[in-house]
Amino acid sequence: MFYREVDKINVQQHFTELIDSYQNLVFSICCKMTGDYFAAEDLTQETFLSAYRHMETFVGTNEKAYLCRIASNKCIDYLKSAGKRQIPSDSETFLGEPDASMGPEERILEAEARQTLLNRCRQLKPPYNTIAVLYFYEEKKAEEIAALQNKNKKTIQTQIYRARAMLRKLYEKERAAYENA
C-alpha cells in the first residue's frame, strides 16, 4: 500500500514537471494549428489531461514527441469538428426564421437568455462592454471586431478574455444570490 502511494506521488510530481517543461511548446503548437488563442488554451489543457490519463503508456519514451503528437491530434480533431460548431453570426438569421425544432417555450427561453446576456454585457465597464456585445451577443469573430475597432487582433483577444472573466463573475454573483435567497 505504501509503495502505491509513493508511486502516485512520483507520477504526479513527474507530470507537474512535464507541464512546466512543455506547456509553452504545446500551447504554441495548438495556437499555430487552430489560429485561435482561446481554443489553443482549451486544447493545451485537453492535451495534458489526455497525457495524464495515459501516463503509463509513454513512460520511458520521448515525452516531448508524445505530447506534441497528442497536441496535434487534438487540434486536428478540433479543426475537423469546426464546421459542426459554426453558428451564423448574422442577427437577422436568429430573428428571421424560427427554429422548427424549438417549440414556443424554448424560443421564449432562448430570447430571454439572449436578452440577459445582452444586459450583462452592457453592465461591463468600457471597453469590455462593447467587446462583450460584439463577441458574445453578436457572435462576431476577433478579427472582425479588430477591423471594426481599428485595433490589433491580440488586443481584442485579450479584451475578450477579460470580458469573459468579468461576465463569469457577474453570473456567479447572480447565482450565489439566487442560491442564498
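Residues numbered from 1 in each chain as written. Predicted model: local features only at pLDDT ≥ 70, side-chain atom pairs only at ≥ 80, totals over all residues. Heavy atoms only, no water.

A. Region of interest: the nonpolar core. The biggest cluster of nonpolar side chains holds 18 residues, and the ones touching the most others in it are C121, A132, F136, I156 and I160. For this core, the secondary-structure elements that each account for two or more residues are α7 (104-123), α8 (128-137), α9 (142-149) and α10 (153-180). No other element matches the 6 residues that α8 contributes to this core. Residues in contact with C121, not counting those within four places in the same chain, are N129, A132, V133, F136 and L167. Counting residues in hydrophobic clusters, the runner-up holds 16 residues, among them V26, F48, I70 and C75. (Core = buried A, V, L, I, M, F, W, Y, C linked by side-chain atoms within 4.5 Å. Buried < 20%, exposed > 50% of the residue type's maximum accessible area, 1.4 Å probe, protein only. Helix = DSSP H or I, 4+ residues; strand = E, 2+ residues; numbered from the N terminus. Contact = heavy atoms within 4.5 Å.)

B. Representation of the packing of α9 against α10 within the structure. The geometry of α9 relative to α10 is characterised by a closest axis approach of 9 Å and an angle of 115° between their N-to-C directions. Regarding the angle of α9 to α10, the classification is roughly perpendicular. As α9 runs across α10, the sense of the crossing is right-handed. Here A142, E143, I145, A146 and Q149 of α9 come into contact with α10, specifically with K153, I156, Q157 and I160. Grouping the amino acids of the contact of α9 with α10 by side-chain chemistry returns 5 nonpolar, 2 polar and 2 charged. (Axes fitted to C-alpha atoms, helices over the stretch in contact; angles between N-to-C directions. Parallel < 35°, antiparallel > 145°, perpendicular 65-115°, else oblique. Left-handed = near helix turned anticlockwise from the far one by under 90°. Nonpolar A, V, L, I, M, F, W, Y, C, P; charged D, E, K, R; others polar.)

C. Main features of the environment of T130. Relative to the helices and strands, T130 is located in helix α8. According to the relative accessible area criterion, T130 is partly exposed, its value standing at 37%. Counting along the chain gives 30 residues from T130 to I160, while the straight-line C-alpha distance between them is 9.9 Å.

D. The arrangement of the packing of aromatic side chains in detail. Here the structure, examined in full by the defined rule, presents 6 aromatic pairs. When the ring centre of Y137 is taken as origin, the NZ or CZ atom of R114, which lies over that ring, is 4.3 Å away. One cation-aromatic arrangement involves R120 over Y171; the distance from NZ or CZ to the ring centre is 5.8 Å. (Phe/Tyr/Trp six-rings, centres within 6.5 Å; stacked < 30°, edge-to-face > 60°. Lys NZ or Arg CZ within 6 Å of the ring centre and 35° of its normal.)

E. Quick look at the packing of α8 against α10. Orientation of α8 relative to α10, taken along the N-to-C sense of each, is 90°, at an axis distance of 9 Å. With respect to each other, α8 and α10 are oriented roughly perpendicular. For the pair α8 and α10, contact is made by Y128, I131, A132, Y135 and F136 and by I156, Q159, I160, R162, A163, R164, M166 and L167, respectively. Looking at side-chain class alone, the contact of α8 with α10 contains 10 nonpolar, 1 polar and 2 charged residues.

F. Seen up close, the side chain of Q159. Relative to the helices and strands, Q159 resides in helix α10. Sequence-distant contacts of Q159, that is, excluding residues within four places in its chain, are made with P127, Y128, I131 and K151.

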